[in-house]
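Okay, here's what each chain looks like letter by letter:
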Amino acid sequence: MDLDLHVLVVAPTGRDATLIADLLTKEGIDCSVCSSSKVALDRVAGSGALVIAEEVFTPSNISAWGQKIATQSSWSDYPLIVLTVAGAVDPNSQKKMLFREPLGNVVLLERPIRPETLVSTVQASLRSRRRQYLIRDHLAQRRLTEEALLRSEKLAVVGRLAASIAHEINNPLESVTNLLYLIGTSSNLDEAKIYAATATDELARVSEIAIHTLKFFRQLSKPTSVYLTELVDSALVLYQARLVSARVTVQKDFRACPPITAMAGELRQVIVNMVGNALDAMRGGGTLNIRIDRGREYSNGSRTGLRLTIADSGSGISPEIKSRLFEPFVSSKADTGTGLGLWVSSEIIRKHGGTIRFKSSSLLRAKGTVFSIFLPAEPQFHAHDSTAVTEQTTILSKTAVH
Ligand SMILES: Nc1ncnc2c1ncn2[C@@H]1O[C@H](COP(=O)(O)OP(=O)(O)O)[C@@H](O)[C@H]1O
Ligand SMILES: [Mg+2]
């Protein structure tokens with residue numbers, strides 16, 4: 001933990017600065033004198049508070065101070081103690097300028113100041129600064145935890161995909177083994193040829209799975225131009241055997257759409273999780289509707305892009321978790337789920353500048369869940385650490401999909 005509680009003093013008139021510094025040092029407060037506004041501006045980052053004489057502010061430097069304060073980190077509320085001169089406020093006085101420029105956490109002390117007043121004001125400012133540092137460290141810790149979670153979910157996804165792939169290629173490989181046995185024991189060439197043709201088809205399926213897997217795992221880290229339809233198809237390839245054995249029918253409604261710029265591997269991860277969730281919810285069979293169409297963002301109609309809708313006729317999302325669906329560790333699958341899938345998915349969609357919504361019902365007559373994802377045609381990729389962007393651009397709604 002770095003608690004920098006160093007106090008900067010800027011007071012160019014006479015011996016003011018030295019007197020103030022001596023006073024603060026005597027009280028055990030770590031401080032140093034800056035010779036000018038510019039020096040102080042450069043040293044603000046990494047200090048605890050600033051004691052500054054009003055006359056240091058000039059029309060040319062006051063906006064630099066305003067700028068400095070406006071661009072501080074979200075956790076910071078830098079304390080400024082301004083020593084004013086007694087007297088009227090006229091249109092040109094520094095005090096007037098101070099009020100015009102928002103400098104945040106400002107305490108004005110009118111000179112002459114009693115030493116105890118100055119010391120206790122500085123101490124109060126440092127106390128508030130210490131709390132700000134605690135918030136800073138808390139935020140940093142939260143970021144680290146989130147990053148670790150994202151990494152662990154990535155590993156879990158890789159593990160699940162590996163299991164899926166092994167499962168999917170095992171079936172055709174088993175039939176190839178059987179077919180080779182039949183060829184080996186057959187005495188009829190025509191019959192053997194038919195077996196060989198079937199074996200070739202089965203191997204083609206193995207190679208299709210391998211190609212899809214390689215193609216999208218190579219595209220994990222940089223945006224490329226992709227067709228959403230291809231991504232959905234490549235995710236479905238992994239679920240073919242499961243879809244058949246669970247008696248789930250897939251209905252695709254893919255309209256003609258242009259490609260989008262996206263992190264293909266990451267979007268595929270979103271789709272794989274959505275389809276996996278839908279399958280988990282349709283244990284007794286059902287229908288999976290997947291639709292891709294051009295669309296506009298619901299909350300900002302001027303943004304155009306694509307809309308991907310995945311609707312299942314499964315059990316519906318249980319009411320207890322609906323409101324927390326996009327939070328980490330929210331899962332109804334005790335041993336088989338991590339509860340990280342939708343959280344990661346919403347992060348990925350946010351990074352693409354998109355939005356995700358859902359609607360779900362457990363009522364007997366209208367059972368099922370619809371997830372609707374909007375992806376903008378021209379995404380600006382957002383970094384993981386910009387929480388403000390999360391709030392502004394991700395609309396994670398538990399309400400209706402229109
Ligand atoms: N299509 C769906 N139908 C029913 N419930 C769903 C569906 N999608 C998600 N859920 C619910 O949301 C929970 C969280 O999903 P997710 O974040 O992918 O984690 P996990 O699948 O590991 O449990 C699931 O456990 C499930 O209860
Ligand atoms: Mg899941």
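Residues numbered from 1 in each chain as written. Chains lettered and ligands numbered in written order. Predicted model: local features only at pLDDT ≥ 70, side-chain atom pairs only at ≥ 80, totals over all residues.

### Examining the overall build of the protein
Within the protein one finds twelve helices and 13 strands. The 402 residues of the protein split such that 28% are buried. Nonlocal contacts in the protein, meaning residues at least 24 apart in sequence, comprise 76% of its contacts between residues at least 6 apart. (Helix = DSSP H or I, 4+ residues; strand = E, 2+ residues; numbered from the N terminus. Buried ≥ 20, exposed ≤ 12 C-beta atoms within 10 Å, placed from the backbone. Contact = placed C-beta atoms within 7 Å.)

### A short note on the pairing of strand β3 (residues 49–53)
Burial analysis of β3 places five of its five residues in the buried class, which makes it a mostly covered element. Every second residue of β3 is oriented toward a common face, with A49, V51 and A53 on one face and L50 and I52 on the other, all of them buried. For strand β1 (residues 7–10) and β3, the ladder comprises four bridges, and the chain directions are parallel. In the sheet register, L8 faces β3, and the bridge partner there is L50. Both β3 and strand β4 (residues 79–84) contribute to a ladder of four bridges, which runs parallel. Following the sheet pairing, A53 is matched in β4 by L83. (Pairing = 2+ DSSP bridges.)

### Side note on the nonpolar core
Nonpolar side chains in soluble globular proteins tend to be buried together. Of all hydrophobic cores here, the largest spans 41 residues; its most connected members are L228, L231, L267, I271, V275 and I310. With nine residues, the top contributor of residues to this core is helix α9 (residues 264–281). Membership of the second largest hydrophobic core comes to 25 residues, among which are C31, A40, L80 and V122. (Core = buried A, V, L, I, M, F, W, Y, C linked by C-beta atoms within 7 Å.)

### Thoughts on the packing of helix α1 (residues 16–26) against helix α5 (residues 115–185)
Packing of α1 against α5 leaves a shortest axis separation of 10 Å and a crossing angle of 65°. The angle between the axes of α1 and α5 places the two elements in the roughly perpendicular class. Crossing hand, α1 versus α5: right-handed. For the pair formed by α1 and α5, the contact residues are I20, L23 and L24 on the first element and P115, L118, V119 and V122 on the second. Residue classes in the contact of α1 with α5 are distributed as seven nonpolar, no polar and no charged. (Axes fitted to C-alpha atoms, helices over the stretch in contact; angles between N-to-C directions. Parallel < 35°, antiparallel > 145°, perpendicular 65-115°, else oblique. Left-handed = near helix turned anticlockwise from the far one by under 90°. Nonpolar A, V, L, I, M, F, W, Y, C, P; charged D, E, K, R; others polar.)

### Side note on the pairing of β4
The element β4 is extensively covered by neighbouring structure, given that five of its six residues are classed as buried. For the crossover that starts at β3, traverses helix α3 (residues 59–70) and ends in the parallel β4, the hand is right-handed. Sheet analysis places β4 next to strand β5 (residues 105–110), joined by six bridges and oriented parallel. Following the sheet pairing, V82 is matched in β5 by L108. (Right-handed = clockwise from strand over helix to strand, strands pointing away.)

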